[in-house]
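Next come the chains, spelled out residue by residue.
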Amino acid sequence: VSGQIYSVVDQMPEYPGGMKECMKFMAEQIKYPAEAVQKKVQGRVIVQFVVDKDGSVMDAKVVRSIDPLLDKEALRVINLMPKWKPGKNQGEAVRIKYTIPVMFKLK
């Protein structure tokens, strides 16, 4: 896979249905690790990934960690995402670095 990875472009990638759908998808997919619940670990894991030219999500990595259990779950959910509408620069689909928070909140 070649090609420059952008962080700012004319048209940012878009999750199908927008950010609200993205948050809904994550909320539905997250399985709070039992061990993290017992340890009362919660917070926001920041994940960075690349939205490829075809909209696929790749190279996800944690840029702000909370706990290894939550980090692992955040990455699992990000990697389950459907294809995004790819971002464009000067009308051409490009690879774009995207950062997103994954919330873990105990009820």
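Placed above this text is the structure.
Residues numbered from 1 in each chain as written. Predicted model: local features only at pLDDT ≥ 70, side-chain atom pairs only at ≥ 80, totals over all residues. Heavy atoms only, no water.

S.K.: When you look at the layout of surface pockets in this model, what are you seeing that I'm missing?
M.R.: Over the atoms, a rolling probe the size of a water molecule traces out where space has been left empty. The volume enclosed by the largest pocket comes to roughly 250 Å³. Met 23, Met 26, Ala 27, Ile 30, Tyr 32, Pro 101, Val 102, Met 103, Phe 104, Lys 105, Leu 106 and Lys 107 together form the lining of the largest pocket. Among the elements that line the lining of the largest pocket, the one with the most residues is strand β6 (residues 95–104), at 4 residues. Of the residues that constitute the lining of the largest pocket, the class distribution is 10 nonpolar, no polar and 2 charged. (1 Å grid on protein atoms, 1.4 Å probe; cavity = no way out; pocket = protein on both sides within 12 Å on 5 of 7 lines; lining within 4 Å. Points joined across faces, edges and corners; volume = space filled by probe spheres on them. Helix = DSSP H or I, 4+ residues; strand = E, 2+ residues; numbered from the N terminus. Nonpolar A, V, L, I, M, F, W, Y, C, P; charged D, E, K, R; others polar.)

S.K.: Just checking my understanding: could you explain the side chain of Asn 89 for this structure?
M.R.: One can find Asn 89 in strand β4 (residues 88–89). Sequence-distant contacts of Asn 89, defined by excluding residues within four places in its chain, comprise Tyr 6, Val 9, Asp 10 and Val 94. (Contact = heavy atoms within 4.5 Å.)

S.K.: Which parts of the structure should I look at to understand the packing of aromatic side chains?
M.R.: To describe a pair of aromatic rings, you give the distance between the ring centres and the angle between the ring planes. Within this structure, the stated rule accounts for 6 aromatic pairs. Plain terms: the ring middles of Tyr 15 and Phe 25 are 6.1 Å apart, the flat faces sit at 45 degrees to each other, and that makes the pair tilted. Taken together, the residues span a long stretch of sequence, with Tyr 15 in the loop between β1 (5–6) and α1 (19–29) and Phe 25 in helix α1 at a distance of 10 residues. Judged by relative accessible area, Phe 25 falls into the buried class, the value being 13%. Relative to Trp 84, the ring of Phe 49 has its centre 5.6 Å away and its plane inclined at 65 degrees; by these criteria the two rings are edge-to-face. Taken as a pair, Phe 49 in strand β2 (residues 43–51) and Trp 84 in the loop between α3 (68–80) and β4 lie far apart in primary sequence, 35 residues in all. (Phe/Tyr/Trp six-rings, centres within 6.5 Å; stacked < 30°, edge-to-face > 60°. Buried < 20%, exposed > 50% of the residue type's maximum accessible area, 1.4 Å probe, protein only.)

S.K.: For this particular structure, what's the right way to read the nonpolar core?
M.R.: The nonpolar side chains of soluble globular proteins are, as a tendency, buried together. One finds Met 26, Phe 49, Ile 78, Met 81, Trp 84 and Ile 100 to be the most contacted residues of the largest nonpolar core, which totals 22 residues. Every element with two or more residues in this core is listed here: α1, β2, α3 and β6. Not counting residues within four places of it along the chain, the set of residues in contact with Ile 100 comprises Met 19, Cys 22, Met 23, Met 26, Val 45, Ile 46, Val 47, Phe 49, Ile 78 and Met 81. (Core = buried A, V, L, I, M, F, W, Y, C linked by side-chain atoms within 4.5 Å.)

S.K.: What is the right way to read α3 from this model?
M.R.: Counted at 1.5 Å a residue, the expected span for α3 with its 13 residues is 18 Å, and the 19 Å between its end C-alpha atoms agrees. Packing partners of the buried residues in α3 comprise α1, α2 (34–38), β2, β3 (57–64) and β6. Sitting at the amino-terminal end of α3 is Asp 67, which places a side-chain oxygen 2.9 Å from the backbone nitrogen of Leu 69. (Expected span 1.5 Å × (residues − 1). Polar contact = N/O pair within 3.5 Å; in protein donor to acceptor, adjacent residues only side chain to side chain.)

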